[in-house]
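Each chain, written out:
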Protein chains: 2
Amino acid sequence: MKLIIDAMSGDNAPEAMVAGCVMAAREFGQEYILVGREEALRPLLAREKADGLPIAIQHADDVIDMHDDPATAVRQKKNASMSVALRLLRDGAGDAMISAGNTGALLSGATLVVKRVKGIRRAALPPMLPCKNGHVLLVDAGANTECTPEYLLQFAYMGSFYMEKVMGVARPRVGLVNNGAEDTKGDPLRKETYQLLRQADEAGRIRFVGNVEGSDVPKGACDVAVTDGFTGNVMLKTVEGVASFLVGEIKTMFLTNARTKLAYLLVKPAMGALKKLLSTSEVGGAPFLGISKPVFKAHGSSDARAIRSAVRQAMNFVQADVVGEIERNIEHMTL
Amino acid sequence: MKLIIDAMSGDNAPEAMVAGCVMAAREFGQEYILVGREEALRPLLAREKADGLPIAIQHADDVIDMHDDPATAVRQKKNASMSVALRLLRDGAGDAMISAGNTGALLSGATLVVKRVKGIRRAALPPMLPCKNGHVLLVDAGANTECTPEYLLQFAYMGSFYMEKVMGVARPRVGLVNNGAEDTKGDPLRKETYQLLRQADEAGRIRFVGNVEGSDVPKGACDVAVTDGFTGNVMLKTVEGVASFLVGEIKTMFLTNARTKLAYLLVKPAMGALKKLLSTSEVGGAPFLGISKPVFKAHGSSDARAIRSAVRQAMNFVQADVVGEIERNIEHMTL
C-alpha cells in the first residue's frame, strides 16, 4: 500500500507530518509519498534518520492555509501540497491521501479532483465522539449545512459501513438525531428521513434504532448518529464546549483547598484515563465518506503521534474497502 | 400579587406543589390559589399547618398528564387543573400562573386560552443553562421546531428583556447559534436572522455579539443564545447528556482503587458545589416568553424547594413587567 501525505498541512507542519510519517513507516511498513517543499522536507527526514525507509518526496511549491477560501483554494493554488497530493491520488500514484489542512478546502478539493462515488450526493466528514462504553460516529458534522432526506439516508449507510468494516462493530445501530424519541417527532426533513431509514432497516440493509435525542448520543444509544451538517456541527461543538467547561470546573474544584489538592494527587493517574477519553488524538482523524478514493482528514492540531494514528486509520479504511462497499450498495442508497 | 398554582402538575404532585406554595407564602408573602382536587389539597394544607396563610383552593376535577396530546389537552379536558388555572389567569383572578405539568400542553393551552402578545408569532420556553461565570438563556429550546427569521428576531428581543429585567444582566449579549463564527456562516435562516439582529444592534435596541458556535455557549460567550427549537432542543439535551456522561466517568474514576476512594472523601464537599452548578432545581423553571400574561413552567421533577424557587422567579417576572416591555417594543419586533 502507498500513502500520500500532505506534508505542509496542519498547525505543526511540516515537522509533525514528517515525524508521524516516519513513525508510521517504522511501525506499519508500507510506502509513503510526502508532498511539499523539498527543501523543507529533506532536512526533516534526515533529522528523523529516515534513510532506507520507503518514503519519497514529491515537491510542491505552494501551501493552502486556514485563510484560503475553502471553495476555491484547490482550484486556485494548483501547486499547493494539498492540490498535488489529491491529483496523485486521483491518478493512482497511491492508495490513500492524508491531510491535516483546511477541512473545507480538502472537502471541496477531494470532490473536485478525486470526485464522489457515482450516485453519492454529498461527501461527509464524520468525527468519532466519545460516549458511554465506546465511541459514536456523528455524520454529518459540518460539511453539509443543508440536507435532503436522501443525503441523510446516504450518511446512514456510509456511517454504518464505516463502523462495521473499519471499527469492527457488528450490526452498527443507526440513530436519527431528533427533538424527541417518538416516531412522529421533528421537522419534515426528520420525518421523511425516518421513513427511509425504517424501510432500509426492514429490508435488512441497516439497523435503525429510531430517533435519538441529544442526551441519548453521549449515553451510547447508537453507533452512528445521523444528522444534517448544521445540527451536527452545533452538537459536536457543544460536546467539546461542555467537556471543556466541566474539566475546568473540576480543576477549580481540586484547587479549592489543601484537602482537595491532596485529593488531586491521589486521582492524578485515574484523571489521565479520563483525559484520554476526551482526547481526539487517540482517534486520529476521519475519512471523507462518499469520495471515490480514500481521503483522510487528520486534526489540524495533530502532533506526530496523531499523524501516525491517522495513517493507521487510513490503512484500515483502505483494507476494509469502504469505498467498494458504498459502490456495491449505491442502488439502495439513491431515491 | 396573587399567584395561581396548577397543584396537580409535575412528578411529585400534589405534595410538592402544596409544600412549595406554603414555603413561598411563608417566605415571600403574597396570595395564592391552588388549583386541583379539593379533597386531595385540603389535607395537604393541613399537614403543612398552612392555617392563616393567604392560600385559597380552586377545585378542578381533572388532570392533564404526560400521556395527553399536547396540542389538544387543554381544549379537551376543560376541567383539568391546568385548564382551570389558565382561565383564572386570563380572567384576571391572579397575576401569574405556575405549572410543572406537560410542557407542550401548557404552551398550547397558554397560547389558546391566555393568547400571545399581539404581533408575537410564537411563544418560546427558554431554559437557563449553566456556563462559565454564570448562566445563558437558550431561546428557543424546543417549543418551535420550524422557525422563520422573524421568530428568531423576536426570541432575541424577548430573551434580552428577560435577562436584563429579571436576571439583572446589564446590556445582555445576544449570540446567534451557528455553525461557525464568520458572519457568512449558516443556512438561509441563520443568514437572514444575522442581518436582522445586526440591524437591531445598530439601532441600539439589543446588543448583538454575532454568531456563536456550540462550544462558545458553555464558555459564556453570550447571555442569550438564539436558535430554532429543533437545534435548541438538540443542544439542551446534548449538554444534559454530556454532563451526565462525564459525571458518571468521574464517579468511575473515584472508584478505581483505595487511593481514589480516599480522594473522593477529600473532595466531597467541593463536589457538592459542582453538582449544584449542574442542578436545575436551583434555577426553578422558565417563563413562556411571548404569552400576554405570565405563565411559568417549573421542571416536571420539581420538589417543594424547586417550586418555591419557581414562585420566586415568577414574582420577579411579574415585577419586572417583561410582558409590558414586549408590548411596548412590538413595533421593532415585527417585519
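Everything quoted here is computed from the prediction, not taken from an experiment.

Asker: Hey, could you run me through the overall build of chain A in this one?
Answerer: Looking only at helices and strands, one finds 12 helices and 11 strands in chain A. In summary, chain A has a C-alpha radius of gyration of 21 Å against a globular reference of 20 Å for 335 residues, a match within 12%. If one aligns the C-alpha atoms of chain A with their principal axes, the spans along those axes are about 65 × 60 × 35 Å. Sorting the 335 residues of chain A into buried and exposed places 57% on the buried side. Within chain A, counting contacts between residues at least 6 apart in sequence, those at least 24 apart form 70% of the total. Surface accessibility of chain A: about 13,400 Å² in total, with carbon and sulfur atoms responsible for 48%. Between the averaged position of the 40 positive side-chain charges in chain A and that of its 38 negative side-chain charges there is a distance of 3 Å.

Asker: How should I be thinking about helix α1 (residues 15–28) of chain B in this particular structure?
Answerer: Each α-helix winds once per 3.6 residues, and so residues spaced three or four apart point in a common direction. All names here are of chain B. A rise of 1.5 Å per residue sets the reference length of α1, with its 14 residues, at 20 Å; its end C-alpha atoms lie 20 Å apart and thus fit the reference within 8%. Extensive coverage of α1 is indicated by the burial of 10 of its 14 residues. Every buried residue of α1 is listed here: Ala-16, Met-17, Val-18, Ala-19, Gly-20, Cys-21, Val-22, Ala-24, Ala-25 and Phe-28. The secondary structure elements touched by the buried residues of α1 are β1 (2–6), β2 (31–36), α2 (38–47), β3 (55–59) and α10 (304–320). One or two residues past the end of α1 sits Gly-29, with phi positive at roughly 70°.

Asker: Is there a simple way to think about the pattern of salt bridges in this case?
Answerer: For side chains bearing opposite charge, pairing can occur when the charged atoms are close. Residues and elements named next belong to chain A. Using the criterion set out here, one finds 28 salt bridges over all chains in the structure. A salt bridge links Asp-228 to Arg-190; its shortest N-O distance comes to 2.7 Å. Linking Asp-228 in the loop between β9 (224–226) and α8 (229–254) with Arg-190 in helix α7 (residues 188–202), this pair joins segments that are 38 residues apart in sequence. The exposure class assigned to Asp-228 is buried, which follows from its relative accessible area of 5%.

Asker: Explain the interface of chain A and chain B to me, please; I cannot follow it from the model alone.
Answerer: Many structure descriptions define interface size as the accessible area lost when the parts assemble. Contact with chain A, which involves 48 residues of that partner, is made by 48 residues of chain B. Both faces considered, chain A and chain B share a buried interface measuring about 4,200 Å² in area, 77% of it formed by carbon and sulfur atoms. When the buried area of chain A at its contact with chain B is split by residue, Phe-230, Phe-245 and Leu-266 of chain A rank highest and sum to 16% of it. Close ionic contact of Lys-237 of chain B with Glu-213 of chain A constitutes a salt bridge, the shortest N to O distance being 2.2 Å. Counting across the interface, chain A meets chain B through six residue pairs in polar contact (both at pLDDT 80 or more). At the level of elements, β5 (128–131), α7, α8 and α9 (258–278) of chain A are the ones that each hand at least two residues to the side of chain A that touches chain B. Counting residues per element, the side of chain A that touches chain B draws most heavily on α8 of chain A, at 18 residues.

Asker: How should I be thinking about the side chain of Glu-213 of chain A in this particular structure?
Answerer: Relative to the elements of secondary structure, Glu-213 of chain A occurs in the loop between β8 (207–212) and β9. With a relative accessible area of 16%, Glu-213 of chain A lands in the buried category. Among the polar contacts listed, one links the side chain of Glu-213 of chain A to the side chain of Lys-237 of chain B, at a separation of 2.2 Å. Those residues in contact with Glu-213 of chain A that lie beyond four places of it in its chain are Asn-178, Asn-179, Gly-180 and Ala-181 of chain A together with Asn-233 and Lys-237 of chain B.

Asker: Help me understand the sheet that holds strand β6 (residues 134–139) of chain B, please; the structure alone is not making it clear to me.
Answerer: The strands making up a sheet associate through backbone hydrogen bonding, with each pair oriented either parallel or antiparallel. All names here are of chain B. Taken together, five strands build an open sheet; the order of strands is β5-β6-β9-β7-β8 and the sheet is mixed. Pairing within the sheet leaves two strands with one partner each, and these edge strands are β5 (128–131) and β8 (207–212). Within this sheet the neighbouring strands show an average axis-to-axis angle of 30°, counted without direction. Judged from the four bridges that link them, β5 and β6 form a sheet pairing that is antiparallel. Residue pairing in the sheet places Pro-130 in a bridge with His-135 of β6. Set on the sheet, helix α7 (residues 188–202) makes contact with β7 (173–177) and β8; between it and β8 the angle comes to about 155°.

Asker: Would you mind going over the confidence of the model for chain A with me for this structure?
Answerer: Note: predicted coordinates in regions of low pLDDT should not be interpreted at a detailed level. Mean pLDDT over chain A: 93, with 97% of residues reaching 70 or higher. Prediction confidence for the complex, expressed as pTM and ipTM, is 0.89 and 0.88 respectively.

Asker: Could you clarify how one ought to interpret the sheet that holds strand β2 (residues 31–36) of chain A in this entry?
Answerer: Residue and element names in this part refer to chain A. Ordered in space as β3-β2-β1-β4-β11-β10, the six strands form an open sheet in which the pairing is mixed. Because the sheet does not close on itself, it has two edges, and the strands there are β3 (55–59) and β10 (285–287). Shown here is a sheet whose adjacent strand axes are inclined to one another by a mean of 25°, direction ignored. Two elements, β2 and β3, share five bridges in a ladder whose sense is parallel. Counted as the bridge partner of Tyr-32 is Ile-55 from β3. The sheet strands contacting helix α1 (residues 15–28) are β1 (2–6), β2 and β3, and the helix crosses β2 at an angle near 175°.

Calculation rules
- Residues numbered from 1 in each chain as written.
- Chains lettered and ligands numbered in written order.
- Predicted model: local features only at pLDDT ≥ 70, side-chain atom pairs only at ≥ 80, totals over all residues.
- Heavy atoms only, no water.
- Helix = DSSP H or I, 4+ residues; strand = E, 2+ residues; numbered from the N terminus.
- Rg over C-alpha atoms; globule rule 2.2 N^0.38 Å.
- Buried < 20%, exposed > 50% of the residue type's maximum accessible area, 1.4 Å probe, protein only.
- Contact = heavy atoms within 4.5 Å.
- Areas by Shrake-Rupley, 256 points an atom, 1.4 Å probe, with all protein chains shown as cover.
- Lys, Arg positive; Asp, Glu negative; His and termini not counted.
- Charge placed at Lys NZ, Arg CZ, Asp CG, Glu CD.
- Expected span 1.5 Å × (residues − 1).
- Salt bridge = Lys/Arg side-chain N within 4 Å of Asp/Glu carboxyl O.
- Buried area = accessible area lost by both parts, 1.4 Å probe.
- Polar contact = N/O pair within 3.5 Å; in protein donor to acceptor, adjacent residues only side chain to side chain.
- Pairing = 2+ DSSP bridges.
- Axes fitted to C-alpha atoms, helices over the stretch in contact; angles between N-to-C directions.
- pLDDT = per-residue confidence, 0-100.

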